[in-house]
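Take a look at the letters that make up each chain.
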Amino acid sequence: AQRVTQPEKLLSVFKGAPVELKCNYSYSGSPELFWYVQYSRQRLQLLLRHISRESIKGFTADLNKGETSFHLKKPFAQEEDSAMYYCALGGSQGNLIFGKGTKLSVKP
Amino acid sequence: EAGVVQSPRYKIIEKKQPVAFWCNPISGHNTLYWYLQNLGQGPELLIRYENEEAVDDSQLPKDRFSAERLKGVDSTLKIQPAELGDSAVYLCASRKGGSSYNEQFFGPGTRLTVL
């Protein structure tokens, strides 16, 4: 079965602290993984995808096929990073399978 | 470039009433999706269109939900009759045809409240 698990509903850190949002997936084959972010009162938008191996707003995510994980990391959290973060798996049918999301709260 | 447009943004109806949501995808995007997002959950696919053809509607509750994309551009999602459990955010997303990746662009959503 294709599935995405985000174990933390809420993650609260202080400004300047490192942050790691966990994502594990279940998929047979080569996965296509994404992180989407939704800031307050804004639409869901793509943050980054594993295929491009880029850093966006200081965030990075590495695909670990052995651990079936795609954790999102940032070394120094900023208050403006506070948002809902969704890990998503590109399914075999051309759709996206989302995790339940993690709310990141960065305190001053 | 305009993003995905959805209307209305909010809708409050009484149970058993009909309701319709409209979506205009990004110009040139052949693939259109409707997702349902319940409170505290991630979006879940309801239906996917490739141009005007519904290619995946396996998760659409067909007894009360229907959708159309007549000219392969705009799409409408309808619920008739609505039930209390239908209260949620309905998201529309689009994707450029022929894209190697599953990157999708989302609209702002329609928040439905059924009383």
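Residues numbered from 1 in each chain as written. Chains lettered and ligands numbered in written order. Predicted model: local features only at pLDDT ≥ 70, side-chain atom pairs only at ≥ 80, totals over all residues. Heavy atoms only, no water.

A. Highlighting the overall build of chain B. When its secondary structure is counted, chain B shows zero helices and eleven strands. Going from N to C terminus, chain B has its helices and strands arranged as β-β-β-β-β-β-β-β-β-β-β. A globule of 115 residues ought to have a C-alpha radius of gyration of about 13 Å, and chain B, at 13 Å, matches this closely. By principal-axis analysis of the C-alpha atoms, chain B measures approximately 40 × 25 × 25 Å. Expressed as a percentage of its 115 residues, the buried residues of chain B come to 45%. (Helix = DSSP H or I, 4+ residues; strand = E, 2+ residues; numbered from the N terminus. Rg over C-alpha atoms; globule rule 2.2 N^0.38 Å. Buried < 20%, exposed > 50% of the residue type's maximum accessible area, 1.4 Å probe, protein only.)

B. Structural view of the packing of aromatic side chains. Going through the model one piece at a time under the given rule, you end up with eleven aromatic pairs over all chains. Arranged with centres 6.4 Å apart and planes meeting at 85 degrees, the rings of Tyr86(A) and Phe98(A) form a pair that is edge-to-face. Here Tyr86(A) is found in strand β9 (residues 83-90), whereas its partner Phe98(A) is found in strand β10 (residues 96-98), with twelve residues between them in sequence. Among the residues examined, Phe98(A) registers a relative accessible area of 9% and is labelled buried. Members of the aromatic cluster, joined through ring pairs, are Phe34(A), Tyr36(A), Tyr86(A), Phe98(A), Tyr33(B), Tyr35(B) and Phe106(B). (Phe/Tyr/Trp six-rings, centres within 6.5 Å; stacked < 30°, edge-to-face > 60°.)

C. Representation of the pairing of β9(A) in the model. Residue and element names in this part refer to chain A. Within β9, seven of the eight residues are buried, which leaves the element mostly enclosed by the surrounding structure. The pairing of strand β5 (residues 33-38) with β9 spans six bridges and is antiparallel. Bridge pairing in β9 links glutamine 38 to methionine 84. Where β9 and strand β11 (residues 102-107) come together, three bridges link them in antiparallel fashion. Among the inter-strand pairings, tyrosine 85 is bridged to a residue of β11, identified as threonine 102. Inspection of the sheet shows β9 paired to β10 by three bridges, in the antiparallel sense. Its bridge partner lying in β10, leucine 89 is registered against isoleucine 97. (Pairing = 2+ DSSP bridges.)

D. The arrangement of the interface of chain B and chain A in detail. If you look at the interface, chain B gives 20 residues, while chain A gives 18 residues. Run the count over chain B and chain A and you get one salt bridge. Its salt-bridge partner being Arg49(A), residue Glu103(B) comes within 2.4 Å of it at the nearest N-O pair. Connecting chain B to chain A are six residue pairs in polar contact (both at pLDDT 80 or more). Looking at which element gives the most residues to the side of chain B that touches chain A, the answer is strand β4 (residues 31-37) of chain B, with three residues. Class assignment for the residues of the side of chain B that touches chain A results in eight nonpolar, nine polar and three charged. (Contact = heavy atoms within 4.5 Å. Salt bridge = Lys/Arg side-chain N within 4 Å of Asp/Glu carboxyl O. Polar contact = N/O pair within 3.5 Å; in protein donor to acceptor, adjacent residues only side chain to side chain. Nonpolar A, V, L, I, M, F, W, Y, C, P; charged D, E, K, R; others polar.)

E. Quick look at the sheet that holds strand β7 (residues 65-68) of chain B. Residue and element names in this part refer to chain B. The sheet built from four strands is open, its strands ordered β1-β3-β8-β7 with antiparallel pairing. Edge strands, defined here as strands with exactly one partner in the open sheet, are β1 (5-7) and β7. The mean angle between the axes of side-by-side strands here comes to 15 degrees, regardless of whether they run parallel or antiparallel. Two elements, β1 and strand β3 (residues 19-24), share three bridges in a ladder whose sense is antiparallel. Bridged to glutamine 6 within β3 is cysteine 23. (Axes fitted to C-alpha atoms, helices over the stretch in contact; angles between N-to-C directions.)

F. Quick look at unusual backbone geometry. All names here are of chain B. Omega for the bond connecting serine 7 with proline 8 falls within 30 degrees of zero, at -5 degrees, which places this linkage in the cis form. Within the fold, proline 8 resides in the loop between β1 and β2 (10-13). Its identity as a non-glycine residue notwithstanding, asparagine 51 has a phi of 60 degrees, on the positive side. With respect to the helices and strands, asparagine 51 occurs in the loop between β5 (44-50) and β6 (53-56).

G. Spotlight on the pairing of β4(B). All names here are of chain B. Along β4, seven of the seven residues are buried, which leaves the element largely enclosed by surrounding structure. Where burial is concerned, the two faces of β4 agree: the one with Thr31, Tyr33, Tyr35 and Gln37 and the one with Leu32, Trp34 and Leu36 are both buried. Relative to β5, β4 runs antiparallel, the two sharing six bridges. Residue tyrosine 33 lies in a different strand from β5, and its bridge partner there is arginine 48. Hairpin connection from β4 to β5: six residues lie between these consecutive antiparallel strands, with glycine 40 at a positive phi of about 80 degrees.

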